[in-house]
Amino acid sequence: MALRNIRTMGDECLTKVCKEVNEINKRTKILIEDMIDTMYEANGVGLAAPQVGILKRIVVIDVGDGPIVMVNPVILETSGEQTGDEGCLSVPGKGGTVTRPNYVKAKAFDENMEEFEIEGTELLARAICHECDHLDGHLYVEKVEGELRDVKYDEDEE
Ligand code: ZN
């Protein structure tokens, strides 16, 4: 298990358009494993490669049902709307209200370069949109309605 340093807002890696992944090699597999470890360690529900300084189109998500690895994700379809709180590991201590689609259908490749489709609603739909935005150099703070708020963390919480 290896943890990577999470870049925070202001780091230029978070503003770049990431490159497509052509092949999954040993280094890519290690990156994906490290991203999953880093996401869990930080109690995040998702992490995109640029957040750890790698400008590749890779995201990992876990909304509570186990890790989902998405390489070269593409959102195919969205519908509905949800308005709720959102945060980002690259914007620590902050949160804000963002409206996202309530349903998302996407395609991506897994860590073995097998293509798959995924459908998600609510938190999963929100996470897919949020993480895919990272791959194009966008942060959720651009979409916040009203003020970015300070979020208190309960240190005793798991
Ligand atoms: Zn984020």
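Residues numbered from 1 in each chain as written. Predicted model: local features only at pLDDT ≥ 70, side-chain atom pairs only at ≥ 80, totals over all residues. Heavy atoms only, no water.

A. Spatial organisation of the overall build of the protein. Helix and strand counts for the protein stand at two helices and eight strands. Order of helices (α) and strands (β) in the protein, N terminus to C terminus: α-β-β-β-β-β-β-β-α-β. Its C-alpha atoms give the protein a radius of gyration of 15 Å, near enough to 15 Å, the size a compact globule of 158 residues would have. Counting only C-alpha atoms and orienting by the principal axes, one finds that the protein spans roughly 40 × 35 × 30 Å. Across the protein, every contact between residues at least 6 apart in sequence was considered, and the portion connecting residues at least 24 apart equals 67%. (Helix = DSSP H or I, 4+ residues; strand = E, 2+ residues; numbered from the N terminus. Rg over C-alpha atoms; globule rule 2.2 N^0.38 Å. Contact = heavy atoms within 4.5 Å.)

B. Quick peek at the environment of A48. Secondary-structure assignment places A48 in strand 1 (residues 46-48). Between the alpha carbons of A48 and K29 there is a distance of 14 Å; along the sequence they are 19 residues apart. Apart from the residues within four sequence positions on either side, A48 is in contact with M35, I58, V59, E131, H134 and L135.

C. Broad picture of the coordination of the zinc ion. Protein-derived ligands of the zinc ion are C88 (SG), H130 (NE2) and H134 (NE2), with the metal-ligand distances lying across 2.0 to 2.3 Å. Assessed through its relative accessible area of 6%, H130 is described here as buried. (Donors = N, O, S within 2.8 Å, 3.2 Å for Na, K, Ca; no water. Buried < 20%, exposed > 50% of the residue type's maximum accessible area, 1.4 Å probe, protein only.)

D. Molecular detail of the sheet that holds strand 4 (residues 82-86). Spatial ordering of the open sheet is given by 4-5-8, a layout of three strands whose pairing is antiparallel. The open sheet has two free edges, formed respectively by strand 4 and strand 8 (145-150), since each of these has just one partner strand. If you compare each strand with its neighbour and ignore which way they point, the axes differ by 25° on average. Relative to strand 5 (residues 94-100), strand 4 runs antiparallel, the two being bridged by five bridges. (Pairing = 2+ DSSP bridges. Axes fitted to C-alpha atoms, helices over the stretch in contact; angles between N-to-C directions.)

E. Highlighting the nonpolar core. Counting residues in hydrophobic clusters, the biggest one holds 17 residues, and the most contacted among them are I61, M70, I118 and I128. Breaking this core down by element, the ones donating at least two residues are strand 2 (58-61), strand 3 (68-79), strand 6 (103-109) and helix 2 (122-135). Per-element accounting of this core gives the leading share, seven residues, to helix 2. Those residues in contact with I128 that sit more than four places away from it in its chain are I61, M70, I75, V104, A106 and I118. Judged by nonpolar contacts, the second largest core, of 14 residues, contains L31, L47, I58 and V71. (Core = buried A, V, L, I, M, F, W, Y, C linked by side-chain atoms within 4.5 Å.)

F. How the structure looks around the state of the cysteines. Tallied over the full model, the rule gives zero disulfides. We note that C13 lacks a disulfide partner, and the nearest cysteine sulfur, in C18, lies 8.3 Å from it. When its relative accessible area of 5% is taken as the criterion, C18 is described as buried. (Disulfide = S-S within 2.5 Å.)

G. Summary view of the pattern of salt bridges. Taken as a whole and assessed by the stated rule, the structure comprises 11 salt bridges. Note that D136 is salt-bridged to R57, the shortest N-O span being 3.0 Å. Highlighted residues: D136 in the loop between helix 2 and strand 8 and R57 in the loop between strand 1 and strand 2, separated in sequence by 79 residues. With relative accessibility at 11%, the residue R57 sits in the buried group. We note a salt bridge from K107 to E115, for which the minimum N-O separation is 3.9 Å. If you follow the salt bridges from partner to partner, you end up with E86, R100, R126, D133 and K143 in one network. (Salt bridge = Lys/Arg side-chain N within 4 Å of Asp/Glu carboxyl O.)

Geometric descriptors of this kind do not, in isolation, establish any biological role.
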